[in-house]
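Here's the letter readout for the chains.
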Amino acid sequence: MTRMQDLEDQIARAERLERSITDMLTIERLRHFAAECRRERERLSQQRCAA
């Protein structure tokens, strides 16, 4: 599994878990984590395009 695939999986898992819980603090943490993964995915994508 590549790092890009790993990030996609982590984003999907965080979003699924976020929809299944009601604790607002945990939801916010999951949203933050997914956003960090998206930023890293974008950074990796840009690096690949530049190479």
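The rules behind the values
Residues numbered from 1 in each chain as written. Predicted model: local features only at pLDDT ≥ 70, side-chain atom pairs only at ≥ 80, totals over all residues. Heavy atoms only, no water. Helix = DSSP H or I, 4+ residues; strand = E, 2+ residues; numbered from the N terminus. Buried < 20%, exposed > 50% of the residue type's maximum accessible area, 1.4 Å probe, protein only. Polar contact = N/O pair within 3.5 Å; in protein donor to acceptor, adjacent residues only side chain to side chain. Contact = heavy atoms within 4.5 Å. Axes fitted to C-alpha atoms, helices over the stretch in contact; angles between N-to-C directions. Parallel < 35°, antiparallel > 145°, perpendicular 65-115°, else oblique. Left-handed = near helix turned anticlockwise from the far one by under 90°.

Caption draft 1: How the structure looks around the side chain of glutamate 18. Considering the arrangement of structural elements, one finds glutamate 18 in helix 1 (residues 3-20). Residue classification places glutamate 18 among the buried positions, given a relative accessible area of 15%. A distance of 2.7 Å separates a polar atom in the side chain of glutamate 18 from a polar atom in the side chain of arginine 31. Setting aside anything within four residues of it in sequence, one finds glutamate 18 in contact with Ile27, Leu30 and Arg31.

Caption draft 2: Spatial organisation of the packing of helix 1 against helix 2 (residues 24-50). Following both chains from N to C, one finds helix 1 and helix 2 inclined at 160°, their axes separated by 9 Å at the closest point. The angle between helix 1 and helix 2 places the two elements in the roughly antiparallel class. As helix 1 runs across helix 2, the sense of the crossing is left-handed. On the side of helix 1, the interface is formed by Arg3, Met4, Leu7, Glu8, Gln10, Ile11, Ala14, Glu15, Leu17 and Glu18, while helix 2 contributes Ile27, Leu30, Arg31, Phe33, Ala34, Cys37, Arg38, Glu40, Arg41, Leu44, Ser45 and Arg48.

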